[in-house]
There are 2 protein chains.
Amino acid sequence: MSATITDVARAAGVSPSTVSRALGGGPVNDATRATIVRVAEELGYRPNRAARELITGRTGTIGLLVPDLGNPYFSEIIKGASSRARAGALPIFVSDTDEDVAREREAIASLRATTDGLLLVSPRGSDEELAALAAGGPTVVVNREVPGLPAVISDAASGIAQALQHLGALGHTRVAYVTGPHGSWSDHRRREGLASATGLGIEIVHVPAATPTFHSGVLAADLVLTTGATAVIAFNDLIAIGVLDRLAARGVRVPHDLSVVGHDDIAMASMCSPHLTTIAVPKERMGSMAADMLLRTLDRRGASDDRDPSVLLPSTLIVRDSTGEVKA
Amino acid sequence: MSATITDVARAAGVSPSTVSRALGGGPVNDATRATIVRVAEELGYRPNRAARELITGRTGTIGLLVPDLGNPYFSEIIKGASSRARAGALPIFVSDTDEDVAREREAIASLRATTDGLLLVSPRGSDEELAALAAGGPTVVVNREVPGLPAVISDAASGIAQALQHLGALGHTRVAYVTGPHGSWSDHRRREGLASATGLGIEIVHVPAATPTFHSGVLAADLVLTTGATAVIAFNDLIAIGVLDRLAARGVRVPHDLSVVGHDDIAMASMCSPHLTTIAVPKERMGSMAADMLLRTLDRRGASDDRDPSVLLPSTLIVRDSTGEVKA
DNA sequence: GTGAAAGCGCTAACAA
DNA sequence: TTGTTAGCGCTTTCAC
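Residues numbered from 1 in each chain as written. Chains lettered and ligands numbered in written order. Predicted model: local features only at pLDDT ≥ 70, side-chain atom pairs only at ≥ 80, totals over all residues. Heavy atoms only, no water.

A. How the structure looks around the overall build of chain A. Of the regular secondary structure elements, chain A holds 12 helices and 12 strands. By the compact-globule yardstick of 20 Å for 328 residues, chain A is too spread out, its C-alpha radius of gyration being 25 Å. Judged by the C-alpha coordinates and their principal axes, chain A covers about 90 × 40 × 30 Å. Taking all 328 residues of chain A together, the buried fraction comes to 52%. Accessible surface computed for chain A: about 13900 Å², of which carbon and sulfur atoms make up 54%. Placing the 31 positive and 36 negative side-chain charges of chain A at their respective mean positions leaves the two points 4 Å apart. (Helix = DSSP H or I, 4+ residues; strand = E, 2+ residues; numbered from the N terminus. Rg over C-alpha atoms; globule rule 2.2 N^0.38 Å. Buried < 20%, exposed > 50% of the residue type's maximum accessible area, 1.4 Å probe, protein only. Areas by Shrake-Rupley, 256 points an atom, 1.4 Å probe, with all protein chains shown as cover. Lys, Arg positive; Asp, Glu negative; His and termini not counted. Charge placed at Lys NZ, Arg CZ, Asp CG, Glu CD.)

Structural data, given as structure tokens:
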């Protein structure tokens with residue numbers, strides 16, 4: 001067994017409470033503190049988390065829930081959140097929901113028990129349900145807005161507007177939008193962006209995709225070809241890459257015959273062929289910012305109840321090789 | 001505050017210890033147990049983890065350390081491990097090391113404190129260092145063997161042999177191997193596999209890659225073209241996809257002019273163009289098997305000390321569109 | 001089969 | 001500034 005606070009106290013010739021104060025930054029004589037710190041070091045003292053948690057009621061960890069750990073989009077958010085959490089010396093619990101609402105509920109409940117606060121990425125549940133689940137403790141939502149909860153989102157409307165302007169400048173007048181999953185908050189926002197970008201003389205046709213995956217993109221590609229659109233904007237890069245794949249198989253040249261725009265700028269977007277023009281969102285920054293908001297909430301727990309406002313991060317169109325001038 | 005064991009005891013008219021026994025599977029009168037279970041349910045009783053950990057010394061969680069959360073190869077291992085851990089009702093802590101040895105040490109130490117056992121994926125440290133770190137508690141290593149530790153690895157030699165046979169059958173006699181990072185255990189194994197696959201009349205030339213990434217693959221592609229090889233086997237799919245990208249840029253047709261084989265079969269391998277022939281390893285199964293071994297170790301903690309033997313999982317060549325007959 | 005009592009390691013009043 | 005006391009919620013002897 002490793003050294004306990006009592007061991008340190010005995011070795012330093014003081015009481016356990018003095019050790020606790022010395023190490024915890026309480027009011028202690030400087031000389032005493034120096035001795036205690038040294039002795040603790042020598043003994044290799046590590047405070048027992050469980051004991052501390054039992055009394056303080058705080059676990060000293062935060063939780064992060066994403067729909068799918070395998071999705072590179074979420075990986076980057078995770079990286080951002082982890083590095084921020086690490087900076088705050090808080091271990092972070094990462095879990096995924098398999099894109100499933102029931103698992104989401106379950107995972108939130110389980111994470112609550114082991115953490116002081118939660119980062120919820122792209123949650124699937126309804127606003128009401130989430131509000132209820134969030135009541136269990138400090139919560140920050142990423143990639144979605146839920147009334148009453150602090151959130152970090154990207155500026156979908158601006159990203160979409162940039163893409164449409166880009167396509168407009170290239171002469172496109174009929175653009176297909178391959179949608180996200182039914183009920184997706186992000187998809188809703190992007191549709192709004194599409195609808196509000198008028199005055200460019202671009203007509204939008206919608207093509208459904210059931211899941212935000214490569215396979216849905218493959219499926220969608222054939223549908224897109226029936227619409228007469230000369231360009232496609234996909235809900236995300238994975239779908240766009242699926243579209244690319246199917247187009248290549250059918251002999252449709254990109255961008256010569258059809259332009260393709262993705263969304264998110266995952267790493268794969270610059271590895272596929274042709275390299276994908278896409279609306280980049282600052283994924284890592286979203287993660288770190290969300291973690292930051294959560295940590296700040298925890299710090300002032302109970303102090304003031306001024307909520308963090310939601311944060312809107314900019315989207316940027318990255319032009320690569322999958323978009324080009326419309327051909328006669 | 002949620003209900004405590006004392007609340008349940010009072011409500012059920014028994015002592016706390018009886019509640020503890022009833023819920024923990026101890027010897028209790030059936031009727032008593034039934035009442036207690038019902039009351040606990042009604043009160044929404046959730047045992048306090050910290051209190052339990054304080055007395056039992058077990059955290060009820062396991063840890064998983066990977067080099068890079070953003071690497072899809074590791075994502076799948078994580079998925080396998082998580083689902084196994086979930087089945088055992090153990091939360092799992094996932095963390096990454098940024099491919100950095102110092103961070104690895106640090107992360108292991110930090111995870112040790114909060115978990116009952118660790119899953120180490122592709123650790124970078126030396127055998128001695130790992131053995132020392134592993135001494136801190138139950139440990140299972142994935143993707144590498146460390147003397148004295150249970151491990152889960154894939155059958156590199158067999159995978160390489162299959163690839164070489166495949167290429168041989170297509171008429172290739174000079175094959176370039178794009179290596180993994182210096183000091184990588186997996187890379188070492190694959191080189192051994194390459195060296196031992198004699199009798200096929202295939203000559204191997206080595207082309208170095210500093211990191212297992214797309215960019216290293218791009219870099220390596222030009223080198224490969226100087227070797228006179230008609231086929232490439234890459235350390236992993238990411239490198240192979242980098243090679244593909246650079247070859248396309250240089251107008252080298254795959255597989256017409258050059259065949260390319262990857263390793264791992266990450267999702268991206270069937271999304272790139274052309275679809276990548278690759279040596280598939282059962283990533284998810286490796287993760288779940290490793291978690292399984294760890295959980296079993298925890299269960300019999302102290303009981304018998306018969307160690308789990310290491311497990312070797314099969315590799316399988318998946319032939320797609322990036323390999324073809326050698327052209328005159 | 002059940003209860004009483006002790007204590008895991010720590011922190012937080014409260015005294016001194 | 002420091003020590004004493006009490007107790008967080010639970011499991012686990014040890015009696016009964």
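The discussion continues.
B. Layout of the packing of helix H1 (residues 5–12) of chain A against helix H3 (residues 30–43) of chain A. Residue and element names in this part refer to chain A. In the contact formed by H1 and H3, the axes pass within 9 Å of each other and the chain directions differ by 125 degrees. One element, H1, and the other, H3, form an angle in the oblique class. Considering how the two elements wind past one another, H1 and H3 form a crossing that is right-handed. Contacts between H1 and H3 involve Asp7, Val8, Ala11 and Ala12 from the former and Ile36, Val39, Ala40 and Leu43 from the latter. For the contact of H1 with H3, the per-class residue count stands at seven nonpolar, no polar and one charged. (Axes fitted to C-alpha atoms, helices over the stretch in contact; angles between N-to-C directions. Parallel < 35°, antiparallel > 145°, perpendicular 65-115°, else oblique. Left-handed = near helix turned anticlockwise from the far one by under 90°. Contact = heavy atoms within 4.5 Å. Nonpolar A, V, L, I, M, F, W, Y, C, P; charged D, E, K, R; others polar.)

C. Up close: the environment of arginine 250 of chain B. Residue and element names in this part refer to chain B. Along the chain, arginine 250 turns up in the loop between helix H11 (237–249) and strand E9 (259–264). Looking at arginine 250, the relative accessible area reads 45%, which means it is partly exposed. Measuring from C-alpha to C-alpha, the distance between arginine 250 and aspartate 222 comes to 8.9 Å, with 28 residues separating the pair along the chain. Residues contacting arginine 250, with those up to four places away along its chain left out, are Asp222 and Leu225. Engagement of the side chain of arginine 250 in a polar contact is seen with the side chain of aspartate 222, the distance being 2.8 Å. (Polar contact = N/O pair within 3.5 Å; in protein donor to acceptor, adjacent residues only side chain to side chain.)

D. Geometry of the packing of aromatic side chains. A full pass over the atoms with the stated rule returns three aromatic pairs over all chains. Ring geometry for phenylalanine 93 of chain A and phenylalanine 93 of chain B: centres 3.6 Å apart, planes at 20 degrees, overall stacked. Placement of the pair is phenylalanine 93 of chain A in strand E2 (residues 92–96) and phenylalanine 93 of chain B in strand E2 (residues 92–96), with the two residues belonging to separate chains. Of the two residues, phenylalanine 93 of chain A and phenylalanine 93 of chain B, neither departs from the other in class, the shared state being buried. Look at tyrosine 73 of chain B and phenylalanine 74 of chain B: their rings are 5.3 Å apart centre to centre, the planes differ by 75 degrees, and that puts the pair in the edge-to-face class. Each member of the pair tyrosine 73 of chain B and phenylalanine 74 of chain B is classed as buried. (Phe/Tyr/Trp six-rings, centres within 6.5 Å; stacked < 30°, edge-to-face > 60°.)

E. Structural detail: the protein's contact with DNA strand D. Taken together, 22 residues surround DNA strand D, and among them Ser17, Thr18, Asn29 and Thr32 of chain A together with Ile5 of chain B come closest. Within 4 Å of the protein, atoms of DNA strand D come from sugar and phosphate in 59% of cases. Between DNA strand D and asparagine 29 of chain A, the relevant distance is 2.7 Å, taken from a phosphate oxygen to a main-chain nitrogen or oxygen of the residue. For DNA strand D, a phosphate oxygen lies 2.3 Å from a polar atom in the backbone of isoleucine 5 of chain B. Elements that contribute at least two residues to the surface near DNA strand D include exactly helix H2 (16–24) and helix H4 (49–56) of chain A together with helix H2 (16–24) and helix H4 (49–56) of chain B. For the surface near DNA strand D, a count of residues per class yields 10 nonpolar, nine polar and three charged. (Near = heavy atom within 4 Å.)

F. Up close: the domain arrangement of chain A. Domain annotation for chain A reports domain 1 (5–55), domain 2 (59–153 + 283–313) and domain 3 (156–281). Inter-centroid distance (C-alpha atoms) of domain 1 of chain A to domain 2 of chain A is 33 Å. (Domains from an automatic or database assignment.)

G. The arrangement of the interface of chain A and chain B in detail. The partner chain B presents 34 residues to the 33 residues of chain A that form the contact. Of the roughly 2900 Å² buried between chain A and chain B, counting both surfaces, carbon and sulfur atoms make up 61%. Taken together, the connections running from chain A to chain B amount to six salt bridges. Its salt-bridge partner being lysine 79 of chain B, residue aspartate 68 of chain A comes within 2.7 Å of it at the nearest N-O pair. Taken together, the links from chain A to chain B amount to eight residue pairs in polar contact (both at pLDDT 80 or more). (Buried area = accessible area lost by both parts, 1.4 Å probe. Salt bridge = Lys/Arg side-chain N within 4 Å of Asp/Glu carboxyl O.)

H. How the structure looks around the protein's contact with DNA strand C. Around DNA strand C sit 23 residues, and of these Ile5 and Arg52 of chain A together with Thr18, Asn29 and Thr32 of chain B come closest. The share of sugar and phosphate among atoms of DNA strand C within 4 Å of the protein is 64%. Contacts to DNA strand C include threonine 18 of chain B, whose side-chain N or O atom sits 2.5 Å from a phosphate oxygen. Asparagine 29 of chain B is positioned such that a nitrogen or oxygen atom in its backbone is 2.7 Å from a phosphate oxygen of DNA strand C. Of all the secondary structure elements, the ones that give two or more residues to the surface near DNA strand C are H2 and H4 of chain A together with H2 and H4 of chain B. Considering only residue class, the surface near DNA strand C consists of 10 nonpolar, nine polar and four charged.

I. Up close: the sheet that holds strand E5 (residues 151–154) of chain B. Residues and elements named next belong to chain B. Taken in spatial order, the six strands of this open sheet run E2-E1-E3-E4-E5-E11, and their pairing is parallel. Unpaired on one side and paired on the other, E2 and strand E11 (311–313) mark the two borders of the sheet. Ignoring which end each strand starts from, the neighbouring axes of this sheet average 15 degrees apart. In terms of strand pairing, strand E1 (residues 62–66) meets E2 through five bridges, oriented parallel. Bridge pairing links glycine 63 to phenylalanine 93 in E2. (Pairing = 2+ DSSP bridges.)

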